[in-house]
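Examination of the molecular architecture
Letter by letter, the chains look like this.
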Amino acid sequence: MRLIESIGEWLDARLQIDATIRDTMQHRVPRKSASWFYVFGSAAFAVFLLQIVTGIMLALVYVPSAGEAWNSLQTLNHNVALGWFIRGLHGWGSDFMVAIVLIHMVQVFLFGAYKYPRELTWVVGVFLLIVTLGMAFTGQVLRFDQDAYWGLGIGASIASRVPVMGPSIVNLMLGGPIIAGATLSRFFALHVFVVPGLLIAFVAVHLLMVIKLGINEWPMPGRIVRKATYLKEYHELTQKDGMPFFPDAIWKDLFFSALIFLSIAACALYFGPFGPSGPPDPTIIQTAPRPDFFFLWLYAVLSFLPPSMETPALLIGPVVIILALLLLPFVFGEGEKSWRRRPLAVLTILLVAVSLGTFTRLAVYTPWSPVMDAWSSIPIPAEFLHNRSALERQGALIFQDKQCHNCHSLGDQGGKRGPALDAVAVRLTQDQLIRQVIQGGGNMPAYGKNLTPPETTALVAFLETLHPAGQSPARDASRAIALGSEAGAQPSTNP
Amino acid sequence: MTTPSEVSRRAFFTKLGIFCNGIVGLILAVPIVRYLLSPAARERNPGYESWIPLGGLEQFPSGETRLATYRNPVVSAWDGDTADIACWVRNVDGKTYQVFAINCAHLGCPVRWFPQSGLFLCPCHGGAYYQDGSRASGPPERGLFEYDYRIESGKLLIKAGQMPTPGQASNLVREIRTCV
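Fair warning: this is a prediction, and the values are worked out from it, not measured in the lab.

1. A short note on the overall build of chain B
Counting its secondary structure elements, chain B contains one helix and eleven strands. The order of α-helices and β-strands along chain B, N terminus first, is α-β-β-β-β-β-β-β-β-β-β-β. Sorting the 180 residues of chain B into buried and exposed places 39% on the buried side.

Printed below as a string of structure tokens:
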């Protein structure tokens, strides 16, 4: 014991660091802030440390070469002892880190922690969110599989829309004219050197400010932040009703971080690593590329944007969002902190959460995408074919053969791209059906050039049988009269 | 010991030192920036595109649309499979051809040809194109990208080498003609 003490004294006589560490660890925090709500920042930091360790371990085996990366991932998964588990830790760690950073941000927002004097802490936090998402995206690229390859294509297509500079930006991003060896090399450099470097720098500044300015006090309704008085009030609070971070407040952070590590390990163990999916061979086109979980909402948004909105939304949207986040503490730097007195803040969080959740949910089952093999693998349910005439059954055959089933469902089977056709005859008359099939419209391609008149007749005859029992198909009331008066065919039925 | 003149002399040298480093920094910045921008600078001259054979015309029967692949003209040894690029070749009437890029004009996913319905369909966001490459439905703002082609001693050649993207003003991508 005496030996350790004397070594410690010898080191500190040279490093002169003891007082700094003591001050940092024992900085006073308000008693109420030592709460389970205040553990997310430290948990994000803990997961970041896990990502550094597992990332270095993966780099021992991973080959950052377009020709070999995919094979080296297979080696990691199958030939290196517990390589799959380390990949699982790194992959799930990434998802947990994004999730915890988002939760941390919501907590900080709802507790008003971005207000004076912690504006810059929030601003650096916004940069931390951006670089964390940057790590998630570049990491997904390093898992160099089909999803990564076509994901890069999507990134390049978005970047190319920048006015004037677009094509040059694409070449800079890809490191050449196509997605190839140079592309993976530069994303490796980004994921391993550039973005982590930024992340470490921002984390250092972020933490420094948390310690220098003190952790946000527990927001009390009615306790108003004023620039003139806040610092004095906060100092009094920490002196009167505060405690040292170490050893009195840190234990909750430690327990929560341990719980998060355990959860990541459990996910890695139970669900295993992410992919890789098919090899990055662009001649294999039987693929449906899909981004990782935290970019799924964007994937859904991109399929719902109307063509005219696409480029403006892609280029202006992110700028507006980031600017809004950066300006938040400067516009609302004073006033109420408690979410109980800030209904607009609560509503904003709810709106964003519901929107992101909805888009993510939609992206899981991609209703906008045709089911490419429905025409050959999903038969029309038998009840739609009972007691049908030969012409109508021929129409059903054309429905399958011309791949209508890829976009339209019958009996809840088939594509969800277009409307379900179970009761289409109630909605559209015969003439409207013919027009819709031949000319398309409303996001449906025109099939006029691809169907012969007999095929159209048969198909429409089948579509006209699609109505619930006991409900008659839609009929154009003027049709009989129009045809009757023109041809004079049915004078006896019209008295 | 120190007189005002000595202090200002040292301060002057400090400023001079900073100035010298600024000059050296500028000189070093030129090659560094040139190095970083090299992938984009190449585009000007001679460019990334060149004429690439897709194979004999007999592979592309009249009235049909077939998948063809080629090795990208600009490659490095470690590109692996990524330098093999696919495209769709449509033999319109035995004499005229259309060669479409595999990349959807929306966000670059690989489109698939369905001869049964006569449509190109994209698996990502549901873009659809007619057999002549014109836009049929979905989020794309335009028709499929089309390569310039020529026929030489019974072989089909296309001018390619750069991944087509929506914002590209390169001559590689021709405007799609109206419905054939």
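2. A look at the overall build of chain A
Each helix and strand counted, chain A has 20 helices and six strands in total. In terms of overall dimensions, chain A is more spread out than a globule: its C-alpha atoms have a radius of gyration of 31 Å, far above the 23 Å expected for 495 residues. Over its C-alpha atoms, taken along the principal directions, chain A stretches across nearly 115 × 60 × 45 Å. A burial count over chain A gives 36% of its 495 residues as buried.

3. A short note on helix α9 (residues 181-213) of chain A
All names here are of chain A. Its 33 residues place the ends of α9 47 Å apart at the C-alpha level, agreeing with the 48 Å of an ideal helix rising 1.5 Å per residue. Where α9 bends most, the angle comes to about 40°, and this point is L190. Listing the buried residues of α9 in full gives G181, A182, T183, L184, R186, F187, F188, H191 and V195. On its buried side, α9 packs onto α4 (69-78), α6 (119-142), α7 (146-159) and α8 (166-174).

4. Digging into the packing of helix α5 (residues 83-110) of chain A against helix α11 (residues 245-271) of chain A
Residues and elements named next belong to chain A. Taken N-terminus to C-terminus, the directions of α5 and α11 make an angle of 125°; their axes are 8 Å apart at the nearest point. By the criterion of interaxial angle, the relationship of α5 to α11 is oblique. The way α5 lies across α11 gives a crossing that is right-handed. From α5, F85, G88, L89, W92, G93 and F96 reach across to α11, where they touch I260, I264, A265, C267, A268 and L269. Of the residues belonging to the contact of α5 with α11, the class tally is ten nonpolar, two polar and no charged.

5. Some points on helix α19 (residues 453-463) of chain A
For an α-helix, 3.6 residues make a turn, and residues three or four places apart therefore share a direction. A458(A), L459(A), V460(A), A461(A), F462(A) and L463(A) are the residues of α19(A) that are buried. For α19(A), the secondary structure elements touched by its buried residues are α16 (390-401), α17 (424-427) and α18 (430-439) of chain A.

6. Some thoughts on the interface of chain A and chain B
Contact residues are listed per partner, giving 55 residues for chain A and 51 residues for chain B. Within the residue set of the side of chain A that touches chain B, elements represented by two or more residues are α7, α8, α9, α12 (296-304) and α13 (307-331) of chain A. Broken down by element, the side of chain A that touches chain B gets its largest block of residues, seven residues, from α7(A). Of the residues contributing to the side of chain A that touches chain B, the split by class is 30 nonpolar, 18 polar and seven charged.

7. Description of the sheet that holds strand β8 (residues 135-137) of chain B
Residues and elements named next belong to chain B. The sheet built from four strands is open, its strands ordered β5-β6-β7-β8 with antiparallel pairing. The open sheet has two free edges, formed respectively by β5 (112-114) and β8, since each of these has just one partner strand. Put simply, the sheet's adjacent strands are angled 35° from each other on average, direction ignored. Pairing analysis gives three bridges linking strand β6 (residues 119-121) to strand β7 (residues 128-130), with the strands arranged antiparallel. Considered in β7, the bridge of L121 is made with A128.

8. Section: the environment of L231(A)
Within the element layout of this structure, L231(A) appears in helix α10 (residues 230-240). Linking L231(A) and L82(A), residues 149 residues apart in sequence, is a C-alpha distance of 52 Å.

9. Some thoughts on the nonpolar core
With 102 residues, the main nonpolar core has V47(A) and C87(B) as its most contacted residues. In terms of residues, this core owes the most to one element, α5(A), which gives ten residues. Once residues lying within four places of it in the same chain are set aside, the contact partners of C87(B) are A68(B), V99(B), F100(B), A101(B), I102(B) and Y147(B). Formed by 20 residues, the second largest nonpolar core is a distinct cluster that contains C407(A), V424(A), L433(A) and V460(A).

10. Structural notes on the sheet that holds strand β2 (residues 65-71) of chain B
Here four strands make up an open sheet; going across it, the order is β2-β3-β4-β9 (chain B) and the pairing antiparallel. In this open sheet, the two edge strands, each paired with only one partner strand, are β2 and β9 (146-147) of chain B.

11. Observations regarding the domain arrangement of chain A
Split by domain assignment, chain A resolves into domain 1 (27-365) and domain 2 (374-487). A straight line from the C-alpha centre of domain 1 of chain A to that of domain 2 of chain A covers 48 Å.

12. Quick look at the confidence of the model for chain B
As a general rule, the predicted coordinates of low-pLDDT regions are not to be interpreted in detail. All names here are of chain B. Confidence along chain B averages 86 in pLDDT terms, with 87% of residues attaining 70 or more. Contacts from residues 170-180, a stretch scored under 50 in pLDDT, to residues over four places away or in other chains number 26 contacts. For this predicted complex, the interface confidence reaches an ipTM of 0.88, while the overall pTM sits at 0.90.

Definitions and cut-offs
Residues numbered from 1 in each chain as written. Chains lettered and ligands numbered in written order. Predicted model: local features only at pLDDT ≥ 70, side-chain atom pairs only at ≥ 80, totals over all residues. Helix = DSSP H or I, 4+ residues; strand = E, 2+ residues; numbered from the N terminus. Buried ≥ 20, exposed ≤ 12 C-beta atoms within 10 Å, placed from the backbone. Rg over C-alpha atoms; globule rule 2.2 N^0.38 Å. Expected span 1.5 Å × (residues − 1). Bend = angle between axes of the 7 residues up to and from the residue. Contact = placed C-beta atoms within 7 Å. Axes fitted to C-alpha atoms, helices over the stretch in contact; angles between N-to-C directions. Parallel < 35°, antiparallel > 145°, perpendicular 65-115°, else oblique. Left-handed = near helix turned anticlockwise from the far one by under 90°. Nonpolar A, V, L, I, M, F, W, Y, C, P; charged D, E, K, R; others polar. Pairing = 2+ DSSP bridges. Core = buried A, V, L, I, M, F, W, Y, C linked by C-beta atoms within 7 Å. Domains from an automatic or database assignment. pLDDT = per-residue confidence, 0-100.

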